[in-house]
Structure formats: C-alpha cells, structure tokens
Amino acid sequence: MKGRIVGILLVLFFAYTTTVHAAEGQWEKLDNLSDQTLSLVEQKEYKAAQHLFRNFSNEFTSLNTASLGISAEDIRILTLCYEQVERSLLSSDSSDEERLQKATQFRLLVDALHSKHQPMWTELEGSMLATFKEMRNEAVKGEQSAYEARLKQFLKEYDMILPSAQVDVSSPYVQRVSADVHFLQTEGTLSEINDEQFNQMEQNLKDFFEQVKENRTDPSFIWVTITTGSIIIATLFYVGARKYFADQKRKSARGRND
C-alpha cells in the first residue's frame, strides 16, 4: 500500500515537471519569433518581418493556451499588442520609429508573460527614473522646451513597458502611474506642477517597479517540489522503518525458538 502511494506521488511529481518543461519549450519558440521579428524591424527589413510575425500568430493559435499558464486578460493584452505591431508593419504611413517602438513593446510583453524572475522590461527602471529626474530638474529651472523633450522621452518609455506592466504589476500600482502620466500629458504645464506632486509621482514610479520585484518572488514551483519530495521521503522512511522493525521482530522470534 505504501509503495503504491510513493508510486502515485512520483507520477504526479514527474507529470508536473513535464508540464512545466513543455510550457517552457513553447514559450521559447514564441520568444524566438518575437525576438527575430524585432531584429528584422531594427534592420528595416519590414517585408521579412511581416512574414515572420505571421508565423508567431500561427504558432500561438496552434498551442493549447491553458498549458502556457496565462489568463484570458493576458491573451487580450497580447492580442492588442500583436494587432498594433501588425498595423505598423503593414501601414505605409508608419514611421521607422513607430514600428521599432511597437515591435520592442511586443518583444517585452512576450518575455513578461513567462519570465519567472526578472522580466526584460524592468531593465528600463534606471533609464525611466533618470529621465524623470531630468524632466523634473528642467521643470524646476523653468526650461519649457527641455522639459518637453524629457517628458516626450519619458512617455515613450512608459508606453513601451505598459503592456508588460499590466501583466506583471498589481492594478492599483499601474493605475497610479498611469494617472500621473495622464496628468503630465494633459494638464501638466510647468506652472501647474509643484515639488510635492513631483515627489509623489517619483515615489509612485519607484513603488511600481518595486512591486513587480515582489510579485516575481514566486515560490510555487519550489514549494511543490519541496512538499512532494518531503512526502516521498517521509513515506519511504516510514516504509523502511516498518520493514526494519518487522525484520528485528522476526529475528527476535527465531532467537527465542532456537
């Protein structure tokens, strides 16, 4: 009976690890396609990028999305970003900068959907905080044109990471930074933004990146491995102990009979 329990636990454990490895293999294909598409866009090889990008769609739709471990909301965000890249590649009105922006945005999103620890988009944290501080300094000095240039750069960086953040960061943190961005876009002239507001916006941005670091400390796989392993070891120990004491009892009984 105990041996059967160990066998079942082993089957469940290896089934779990096999599923995880299969999903990793599927994501690796999607990663490669999005990365190669971005590389072609960087080289301005737009026809080749269009063809390769369609391969991403074909590959994704052929998969069982449940095995990828993503939600319906994640799929919605991925679909919207895919359509934006596709439109930018097909439209003759799209600039090189827009195509590169959208292809990069999509590449970061694909990575964010399956990266377990440090997704690529979080590498922009230092750049965004530096841009924000430069923007703030220009505002303090009253340099309107320099401020607007820094603001434009900050907004471009935020737009690039937003889809990735939406799948990685809790909604309240995204909403706070998005509200700050909306304010800067629509109402934030130099005369309307005070130092206290800049302080709060900077803190919201720091919290935004810090929160994704906390979310990425995901012990689920480790927890399952440790739990399953502990049960197996405890069961084996129990079976072994019972066998040992049964053998000792038999030896003792034979000794008395002799």
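Values in this document were obtained by computation on a predicted structure and should not be read as measured data. (Residues numbered from 1 in each chain as written. Predicted model: local features only at pLDDT ≥ 70, side-chain atom pairs only at ≥ 80, totals over all residues. Heavy atoms only, no water.)

Engineer: Describe the overall build of the chain, and please don't skip the residues or the numbers.
Structural biologist: On a plain count of helices and strands, the chain comes out with nine helices and zero strands. Each helix (α) and strand (β) of the chain, taken in turn from the N terminus, gives the series α-α-α-α-α-α-α-α-α. Burial status across the chain gives 38% buried among its 258 residues. For the chain, the proportion of contacts with a sequence separation of at least 24, taken over those separated by at least 6, is 74%. Taken as a whole, the chain presents about 15300 Å² of accessible surface, with 54% of it coming from carbon and sulfur. (Helix = DSSP H or I, 4+ residues; strand = E, 2+ residues; numbered from the N terminus. Buried < 20%, exposed > 50% of the residue type's maximum accessible area, 1.4 Å probe, protein only. Contact = heavy atoms within 4.5 Å. Areas by Shrake-Rupley, 256 points an atom, 1.4 Å probe, with all protein chains shown as cover.)

Engineer: Account for empty space enclosed by the protein, naming residues and giving values.
Structural biologist: Tallied over the full model, the rule gives one cavity of 30 Å³ or more. There is about 50 Å³ of room inside the largest cavity. For the lining of the largest cavity, the secondary structure elements donating two or more residues are helix 7 (171-186) and helix 8 (195-215). If one sorts the elements of the lining of the largest cavity by residue count, helix 7 sits on top with four residues. (1 Å grid on protein atoms, 1.4 Å probe; cavity = no way out; pocket = protein on both sides within 12 Å on 5 of 7 lines; lining within 4 Å. Points joined across faces, edges and corners; volume = space filled by probe spheres on them.)

Engineer: Tell me about the packing of helix 6 (residues 144-168) against helix 7, and please be specific about residues and values.
Structural biologist: Two elements in contact, helix 6 and helix 7, have axes whose closest approach is 11 Å; the angle formed by their N-to-C orientations is 150°. Our classification of the angle between helix 6 and helix 7 gives roughly antiparallel. The hand of the helix 6/helix 7 crossing is left-handed. Residues Tyr147, Leu151, Phe154, Leu155, Tyr158, Leu162, Ala165 and Gln166 of helix 6 form the contact with helix 7, whose own contacting residues are Val174, Val177, Ser178, Val181, Leu184 and Gln185. (Axes fitted to C-alpha atoms, helices over the stretch in contact; angles between N-to-C directions. Parallel < 35°, antiparallel > 145°, perpendicular 65-115°, else oblique. Left-handed = near helix turned anticlockwise from the far one by under 90°.)

Engineer: Pulling in residues and values, what's your account of the nonpolar core?
Structural biologist: Residues Phe106, Trp121, Tyr147, Leu205 and Phe208 are the most contacted members of the largest nonpolar core, which totals 57 residues. Secondary-structure elements contributing two or more residues to this core are helix 1 (2-42), helix 2 (46-62), helix 3 (72-90), helix 4 (96-114), helix 5 (125-141), helix 6, helix 7 and helix 8. The dominant element in this core, judged by the number of residues it contributes, is helix 6, at nine residues. (Core = buried A, V, L, I, M, F, W, Y, C linked by side-chain atoms within 4.5 Å.)

Engineer: Would you mind going over the layout of surface pockets in detail, with residue names and values included?
Structural biologist: Of the voids in this model, the second largest pocket is the one considered here, and its volume is about 170 Å³. Residue lining of the second largest pocket: Glu97, Gln101, Lys102, Lys152, Gln153, Leu155, Lys156 and Asp159, and that is the complete set. For the lining of the second largest pocket, the secondary-structure elements that each account for two or more residues are helix 4 and helix 6. Per element, the largest residue contribution to the lining of the second largest pocket is five residues, and it comes from helix 6. Grouping the constituent residues of the lining of the second largest pocket by class yields one nonpolar, two polar and five charged. (Nonpolar A, V, L, I, M, F, W, Y, C, P; charged D, E, K, R; others polar.)

Engineer: Can you lay out helix 5 for me, pointing to particular residues and giving the numbers?
Structural biologist: Here helix 5 is 17 residues long and its end C-alpha atoms lie 24 Å apart, about the 24 Å a rise of 1.5 Å per residue gives. Three or more residues of helix 5 are buried, namely Glu125, Met128, Leu129, Thr131, Phe132, Met135, Arg136, Glu138 and Ala139. Following helix 5 by one or two positions, Gly142 has its phi on the positive side, about 75°. (Expected span 1.5 Å × (residues − 1).)

Engineer: Would you mind going over the pattern of salt bridges in detail, with residue names and values included?
Structural biologist: Applying the stated rule across the entire model yields twelve salt bridges. A salt bridge links Asp195 to Arg136; the nearest nitrogen and oxygen atoms lie 2.8 Å apart. On the criterion of sequence distance, the pair formed by Asp195 in helix 8 and Arg136 in helix 5 is long-range, its members being 59 residues apart. Linking Glu202 and Arg136 is a salt bridge whose minimum nitrogen-to-oxygen distance equals 3.1 Å. You can see Glu202 sitting in helix 8 and its partner Arg136 sitting in helix 5, a full 66 residues away along the chain. The burial state of Glu202 is the same as that of Arg136; both residues are buried. The network of salt bridges with shared partners includes Lys133, Arg136, Asp195, Glu202 and Lys206. (Salt bridge = Lys/Arg side-chain N within 4 Å of Asp/Glu carboxyl O.)

Engineer: Pulling in residues and values, what's your account of the confidence of the model for the chain?
Structural biologist: The pLDDT averaged across the chain works out to 81; a share of 73% of its residues lies at or above 70. Segment residues 4-22 is flagged for pLDDT under 50; beyond a separation of four residues in sequence, or across chains, it makes 13 contacts in the model. For residues 217-230, every residue scores under 50 in pLDDT, and the model assigns this stretch six contacts once sequence neighbours within four places are set aside. (pLDDT = per-residue confidence, 0-100.)

Engineer: A description of the packing of helix 2 against helix 3 should follow, citing residues and the corresponding values.
Structural biologist: It is at 10 Å that the axes of helix 2 and helix 3 come closest, and there the two elements cross at 160°. Compared by their axis directions, helix 2 and helix 3 come out roughly antiparallel. Of the two elements, helix 2 crosses helix 3, and the hand of that crossing is left-handed. Residues Tyr46, Ala49, Gln50, Phe53, Arg54, Phe56, Ser57 and Phe60 of helix 2 touch helix 3, and the partners they reach there are Ile75, Leu78, Tyr82, Val85, Glu86, Leu89 and Leu90. Of the residues contributing to the contact of helix 2 with helix 3, the split by class is eleven nonpolar, two polar and two charged.

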